[in-house]
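Listed below, chain by chain, are the residues.
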Amino acid sequence: MLFGGLVGTPQGSGQLGRLRTSFPMCVKRFYLLVLFSGLATSGVLTVSGMRVYTSGEVEAVNGTDVRLKCTFQSSSPITPATLTVSWSFRPLEPGREESVFYYHERPYPPPEGRFHKRTTWAGDIMGRDASILVREVKFIYNGTFSCQVKNPPDVHGNTGEVKLTVVTTGSFSEIVILAAAIGGAIMLLVILLVIIMSIRRCLKKRQEEWVEELPCRERKDPTV
C-alpha cells in the first residue's frame, strides 16, 4: 500500500526514487561498520597511545635538589631496548628550547649547557617511571620542563609538562612544617634531659640515704 500510494503521484515517484538511492548507501555504511568492528575485535585494527603524567607545578628553594616526577602508561609491553625518554626545557624569558636529559637503555646527561652536570636519572623504566633529579637549582631554571616517552610501536601521545618555580625561601606551609619538626625535636630532647636528671637525682638521694644508714647498721652489728 505504501509503495503503491507513492507511485501513483509525482511526489510519490520522487520520494520512492530517494528511498531507492538512500537504501544502498545505508547498506554500505552497515557493511563498513561491521567490517571495522570485526577488525577491531580480531586485533588487526588497534588504537594505541602513550599517556604521560607529571606533577604539573613544582616549587623549589634556590640551591636545593628537586625531583621532577614523570610516569607513563603504554598500551604496548615495555621494551627497554627501544624505549626512549626525552626531557627538554623552555625558559620563561624568550629563548630556544634546550635538551635536559635523554635516556635509551642508559642515561645520557647533557654534555653542555645550563644543565651540564646538573641532572641525573631518578626513574625506573620497568616501573614506568621516567623521573629525573635536578641538582642545586638556580633562578635561571624557572620555566617549563617537558617529558616525552616513546615505546615503539607506541610513539604517539601527550607530552608531560612540569612548571618549575625557584624561590628564595620555602613557602609558608613548608616553613610551618619545618618549624614544627624542629620544635618537636627540641621538646623531645628537653623531655629526655628531664627524665635523665630525675633518674640521676633519685639515684643520688638513695646513695645519700644508704650512706647515712651505714653507721647505724655497724653499731647494731654484734660482731663489730
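Below is a short write-up of the structure.

Cut-offs applied
- Residues numbered from 1 in each chain as written.
- Predicted model: local features only at pLDDT ≥ 70, side-chain atom pairs only at ≥ 80, totals over all residues.
- Heavy atoms only, no water.
- Helix = DSSP H or I, 4+ residues; strand = E, 2+ residues; numbered from the N terminus.
- Buried < 20%, exposed > 50% of the residue type's maximum accessible area, 1.4 Å probe, protein only.
- Contact = heavy atoms within 4.5 Å.
- Pairing = 2+ DSSP bridges.
- Axes fitted to C-alpha atoms, helices over the stretch in contact; angles between N-to-C directions.
- Disulfide = S-S within 2.5 Å.

Next up on the list: the overall build of the protein. Within the protein, the regular secondary structure consists of three helices and 11 strands. If you list the helices and strands of the protein from N to C, you get α-α-β-β-β-β-β-β-β-β-β-β-β-α. The buried share of the protein, reckoned over its 224 residues, is 23%. Restricting to contacts in the protein with at least 6 residues of sequence separation, those with at least 24 account for 57%.

This brings us to the sheet that holds strand E10 (residues 143-150). Taken in spatial order, the six strands of this open sheet run E2-E11-E10-E5-E6-E7, and their pairing is mixed. The open sheet terminates on both sides in strands that have one partner only, identified here as strand E2 (56-61) and strand E7 (107-108). Examined bridge by bridge, strand E5 (residues 84-91) and strand E6 (residues 98-103) share five bridges and lie antiparallel to one another. Paired with Ser-86 across the bridge in E6 is Tyr-102.

Right, let's talk about the sheet that holds strand E8 (residues 119-121) for a bit. Pairing is antiparallel across the open sheet formed by three strands, whose spatial order is E3-E9-E8. Since the sheet does not close on itself, it has two edges, and those belong to strand E3 (66-68) and E8, each with one partner. In this sheet, adjacent strand axes meet at a mean angle of 30° when their direction is disregarded. As judged from the three bridges shared by E3 and strand E9 (residues 132-134), these two strands associate in the antiparallel manner.

For the coordinates displayed, the defined rule picks out one disulfide. The disulfide that involves Cys-70 links it to Cys-147, with 2.1 Å between the sulfurs. Torsion about the S-S bond of the Cys-70 and Cys-147 cystine: about -80°, corresponding to left-handed handedness. Of this pair, Cys-70 sits in strand E4 (residues 70-73) while Cys-147 sits in strand E10, placing them 77 residues apart in sequence. Assessed through its relative accessible area of 0%, Cys-70 is described here as buried. Residue class for Cys-147 comes out buried when judged on its relative accessible area of 0%.

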